[in-house]
Amino acid sequence: MWSSPTLSQWASACQGQLIGEDRVIGEVSTDSRTVAPGDVYVALVGDLFDGHSYVTTAIFKQAAAIVVHNPVADCPVSQIVVDDTRQALGYLAGLLRNAFEGQVVAITGSAGKTSTRSMLQHIFNQQPGLLATQGNFNNDIGVPKTWFRLSDQHQRVLLEMGASAVGEIEWMTRFSRPHISLLLNASEAHSGGFGGLEQVRQAKGEILEGTERDGGCVLNHDDPGYQGWLKRVVDRRVISFGQHSRADVCLLSFQASGTGSEFTLSLPDGDISVSWSMLGKHMALNAAAAAATAWLAGVSPLDIAEGLSQMQPEPGRLEPLVSGHGGILINDAYNASPASVKAAIDVLAEQSSDTLLILGDMAELGDDSHALHQELGVYARGRIQSLWTLGTESSVTADAFGGQSFETLKQLLDALPSRLTETTAVLVKGSRSAGMERVVETLKRKP
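Conventions and cut-offs
Residues numbered from 1 in each chain as written. Predicted model: local features only at pLDDT ≥ 70, side-chain atom pairs only at ≥ 80, totals over all residues. Heavy atoms only, no water. Salt bridge = Lys/Arg side-chain N within 4 Å of Asp/Glu carboxyl O. Helix = DSSP H or I, 4+ residues; strand = E, 2+ residues; numbered from the N terminus. Pairing = 2+ DSSP bridges. Core = buried A, V, L, I, M, F, W, Y, C linked by side-chain atoms within 4.5 Å. Buried < 20%, exposed > 50% of the residue type's maximum accessible area, 1.4 Å probe, protein only. Contact = heavy atoms within 4.5 Å. Phe/Tyr/Trp six-rings, centres within 6.5 Å; stacked < 30°, edge-to-face > 60°. Lys NZ or Arg CZ within 6 Å of the ring centre and 35° of its normal. Axes fitted to C-alpha atoms, helices over the stretch in contact; angles between N-to-C directions.

Attention shifts here to the pattern of salt bridges. The tally for this structure, following the rule as stated, stands at 16 salt bridges. Put simply, Glu212 and Arg177 hold a salt bridge, and the shortest N to O gap is 3.6 Å. Linking Glu212 in the loop between helix 8 (206–209) and strand 10 (216–220) with Arg177 in the loop between helix 6 (168–176) and strand 9 (180–183), this pair joins segments that are 35 residues apart in sequence. The residue Arg317 makes a salt bridge to Glu314 at a minimum N-O spacing of 3.6 Å.

Judged by pairing direction, the sheet is mixed, and its five strands sit side by side in the order 1-5-4-3-2 without closing on themselves. Each of the sheet's edge strands pairs with one partner strand only, and the pair in question is strand 1 (17–19) and strand 2 (28–29). Two elements, strand 3 (residues 40–42) and strand 4 (residues 65–68), share three bridges in a ladder whose sense is parallel. Each bridged residue has a counterpart across the sheet, and for Val42 the counterpart in strand 4 is Val67.

If you look at the biggest cluster of nonpolar residues, it comprises 66 residues, and the most contacted ones within it are Phe124, Phe241, Phe263, Trp276, Ile304 and Leu308. The element contributing the most residues to this core is helix 10 (residues 281–296), with twelve residues. Excluding residues that lie within four positions of it along the chain, Trp276 makes contacts with Met119, Thr259, Gly260, Ser261, Phe263, Met283, Ala284, Ala287, Leu308, Ser309 and Met311.

Now for the packing of aromatic side chains. One pass over the full model with this rule turns up five aromatic pairs. Between Phe100 and Trp147 the ring centres are 6.0 Å apart and the planes differ by 70°, which places this aromatic pair in the edge-to-face class. You can see Phe100 sitting in the loop between helix 3 (85–99) and strand 6 (103–108) and its partner Trp147 sitting in helix 5 (residues 142–147), a full 47 residues away along the chain. Accessibility assignment for this pair places Phe100 and Trp147 in one class, buried. An angle of 55° between the planes, with centres 5.1 Å apart, marks the rings of Trp388 and Phe406 as tilted. Pair noted here: Trp388 is in strand 18 (residues 386–390) and Phe406 is in strand 19 (residues 404–406), with a separation of 18 residues, a long-range link. Pair check on accessibility: Trp388 and Phe406 agree, each one buried. Among the aromatic residues, those joined into a cluster by ring pairs are Tyr91, Trp171 and Phe175. The positively charged end of Arg383 is found above the aromatic ring belonging to Tyr379, 3.7 Å away from the centroid.

This paragraph deals with the sheet that holds strand 16 (residues 328–332). Here we have six strands laid out as an open sheet, ordered 15-16-20-17-18-19, and mixed in their pairing. Looking at the sheet topology across the chains shown, the edges are occupied by strand 15 (319–322) and strand 19. Averaged over neighbouring strand pairs, the angle between their axes works out to 20° when direction is ignored. With five bridges joining them, strand 17 (residues 355–360) and strand 20 (residues 425–429) adopt parallel strand pairing.

Among the five residues in strand 20, five count as buried, and that is most of the element. Taking every second residue as pointing to the same face, both faces of strand 20 are buried, with Ala425, Leu427 and Lys429 on one and Val426 and Val428 on the other.

A few words on the environment of Ala371. Within the secondary structure layout, Ala371 lies in helix 13 (residues 369–380). Separated by 20 residues in sequence, Ala371 and Gly391 have C-alpha atoms that sit 16 Å apart.

This is the structure in structure tokens:
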């Protein structure tokens, strides 16, 4: 029977010190504003904040215990004193993982993690008992918080793991110990914190070494990092996916339609065909990744096909919308990386002969930002008709394409009405910091 750990067990795992009475751990909070009676408050420290400043607030709100890096004098509640409160979250997650007897599946990659995780959720939800990452809780704080939601009703845990530096995925897999890992890809997305593509491949590959030795790894046969990752798998089982004919799960065919697409996948024990409302061949390749992972996890081909067919576009991720100008409008403004922009260009090219890509800056690309933005302009030539950009970095993309760049949102919006017709297909994309959803909202309204 599953049971929650105690404060003393947590302190021992962290090599910390428990001061005060021992008790079973209930809810864990890292935000003093949301502390409820009986919670354990963890005082995290960041570049712009220090949770220790709010310990008094947490105690006033009847927190049952606190986790700090320095003892609090005359503290009326139990406290665990540790060297690193952020790492303490991972140690508690490790205790929960040790007590869990079900299956753990973890996914990482530079692009497509969230969409593929959603596909796996639809597949795994054909059976009861799934605990999965919510929202963007995919870092060394969010992954432990997923484990904190564990109950005796859960039979499988699905974790999304992101990283901004080498070593972060290694730490998350150390306390999560996945039975099955999926490495989608490695690209220049957010490579600024890594120092280059090779470091990205190294960091993403940490999930393989963190997979249980009797478990399995799912790899992208089409990715240039594939051979290097194979060497890191050692004796774990490998299932590959992709368009390559030697992939264990291969995308055999793909056909776009006005409202979605249809595709066929080959699995090790037969083919499945899926019709869904998702746009883009790259989404079908993500489906191949999800199918390979689910098949390795023991899910039947029938349930895999059924789960995938239930997928719906997520807000801001290649989301078809009703436009005000009468043509096609695709909202892909949630985020942007070089790989996902290329995929968006391919999707837009399938929609109409009259196409307009409105692109905002891509963030966190480090020293390669100029070259990567320029490369996208070259890639778009001959594929789409028009390319407009908003922002300093993406103006390079417009120059390389021969498109238009705008310094302000007002300038871009003022130019839109004269460009749009009922046959124009528009796709809007950019990193979160670019705020391209503002363009989407304008396009949704009638002129």
